[in-house]
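Listed below, chain by chain, are the residues.
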Amino acid sequence: RPSAWVHLLHQLPRADFQLRPVPSGFAPQEQEYQQALLLVAALAGLGLGLSLIFIAVYLIRFCCCRPPEPPGSKTPSPGGGCVTWSCIVALLAGCIGIGIGFYGNSETSDGVSQLSSALLHANHTLSAIDHLVLETVERLGEAVRTELTTLEEVLEPRTELVAAARGARRQAEVVAQQLQGLAFWQGVPLSPLQVAEDVSFVEEYRWLAYVLLLLLELLVCLFTLLGLAKQSKWLVIVMTVMSLLVLVLSWGSMGLEAATAVGLSDFCSNPDPYVLNLTQEETGLSSDILSYYFLCNQAVSNPFQQRLTLSQRALANIHSQLLGLEREAVPQFPSAQKPLLSLEETLNVTEGNFHQLVALLHCRGLHKDYGAALRGLCEDALEGLLFLLLFSLLSAGALATALCSLPRAWALFPPSNPSALCSGSRLSEPLLPAGLDPGSPLRSFPGCRRRPH
């Protein structure tokens, strides 16, 4: 059953580049649907453009439209403390967003790992089916070529016993023929193992890219706070440039996350038809087999039931014929006991393999893997994407606020050149003690001398 987030995102309207409505059904091969997802990602680009315009207008207004300070003014510009604290609060909010981003990145990775594990388990089941079928068919073929041939030669004087041995041969050939049709995945070009490896490869680089982005933003926030605490202009200026870079990356990641979340919600709202059609195109298997494993309900019958029934009957016939031969032939032909014992051992192994095949071919196992893969994608991975989307939103807002506040904050920093404190200029006057006359000798500053007029 789709989650509330899947239902909510699936109900969002979609449109192509001509702003025509697009159905919300998952159809990545259609151009209109691709345009709809690109338009969702483009909204983040629009947000980036608007935020950059706002920051540029704000900074231009700050730099070019400031009223001149009156001569001899010793008070700092009004609102300076508010500007600094607003920048600090924005950076702290960005740090909270980074924590959310780490959690979202971990949740997304867990969901994809669950998908990969389900694919690997399904590949193990399919490989076990192929292996059991191959082993059983080879064992039966070996028994037909050796033990049954030897038995027919030993029983040649008794025509009715030879006929019973030949009947067992025919039944063994029937079993082998029916079992060969049970290895339905043999020769299929689509390998769940390869898909799992590809998914894990992509996820590894996605996870690493987000970790680097989160660490980069964390360093920017921490060094910016350090620059404000130390009142270091060069550090704040460098971090301002870095904040602009991280702002662009945050909006870009927001676009990717939004488009992926919308597309994933469309897929998760009704995944069965798309998965059935895609798997049928890639594998060429019949829809009966795929429907049985992907749906696994009472409405879909087991497509291998007839083969399993015929194989079970043939094994039962072989068993009864061997028992009859053991009763009738061994007292008259003692040399027939050894091939009969070997045939009974082969029959016991074949019956054991047959029961394992019945269990593996039931839809429960593969359908459980299919459900686990869907839960990984539609619950953990989608939830992680939403947390990453929240991180990008908080990051963009915090960095935009910081970029507007940092230039005003560093303008309030005291000059770092000691000669500015000794020059007696009006830039240094606000830094003098309140009771000191600007015209008097600067005796309180070591290393400063009164310049002769």
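Reference entry: report on the structure contained in this document.

Reading guide: rules and limits
Residues numbered from 1 in each chain as written. Predicted model: local features only at pLDDT ≥ 70, side-chain atom pairs only at ≥ 80, totals over all residues. Heavy atoms only, no water. Patch = residues over 30% accessible without salt bridge, like charges linked within 9 Å, V, L, I, M, F, W, Y side chains within 5 Å. Areas by Shrake-Rupley, 256 points an atom, 1.4 Å probe, with all protein chains shown as cover. Salt bridge = Lys/Arg side-chain N within 4 Å of Asp/Glu carboxyl O. Helix = DSSP H or I, 4+ residues; strand = E, 2+ residues; numbered from the N terminus. Disulfide = S-S within 2.5 Å. Buried < 20%, exposed > 50% of the residue type's maximum accessible area, 1.4 Å probe, protein only. Core = buried A, V, L, I, M, F, W, Y, C linked by side-chain atoms within 4.5 Å. Contact = heavy atoms within 4.5 Å.

Time to look at a nonpolar patch on the surface. On the surface, a cluster of nonpolar side chains totalling about 510 Å² of accessible area is made up of Leu43, Leu46, Leu50, Ile53 and Val57. Along the chain, the position of Val57 falls in helix 2 (residues 31–64).

Time to look at the state of the cysteines. Applying the stated criterion across every chain yields a total of 2 disulfides. Put simply, Cys268 and Cys378 are joined by a disulfide, and their sulfur atoms are 2.0 Å apart. Between Cys268 and Cys378, the disulfide has an S-S torsion of -85° and is therefore left-handed. Linking Cys268 in helix 6 (residues 233–269) with Cys378 in helix 11 (residues 363–411), this pair joins segments that are 110 residues apart in sequence. Taking the relative accessible area as the measure of exposure, Cys268 reaches 6% and is therefore buried. For Cys296, the disulfide goes to Cys363, at an S-S distance of 2.0 Å. Around the S-S axis, the bridge from Cys296 to Cys363 shows a dihedral of about 60° and counts as right-handed. Taken together, the positions of Cys296 in the loop between helix 8 (287–295) and helix 9 (305–332) and Cys363 in helix 11 put the pair 67 residues apart, joining distant regions of the chain.

One finds Leu151, Leu155, Phe184 and Tyr293 to be the most contacted residues of the largest nonpolar core, which totals 65 residues. Take this core: its biggest share by element is 12 residues, from helix 3 (residues 80–154). Beyond its immediate sequence surroundings of up to four residues, Leu155 is in contact with Leu161, Val162, Leu325, Ala329, Phe333 and Ala336. Core analysis: the second largest hydrophobic core is formed by 14 residues, Leu91, Ile98, Val236 and Phe413 among them.

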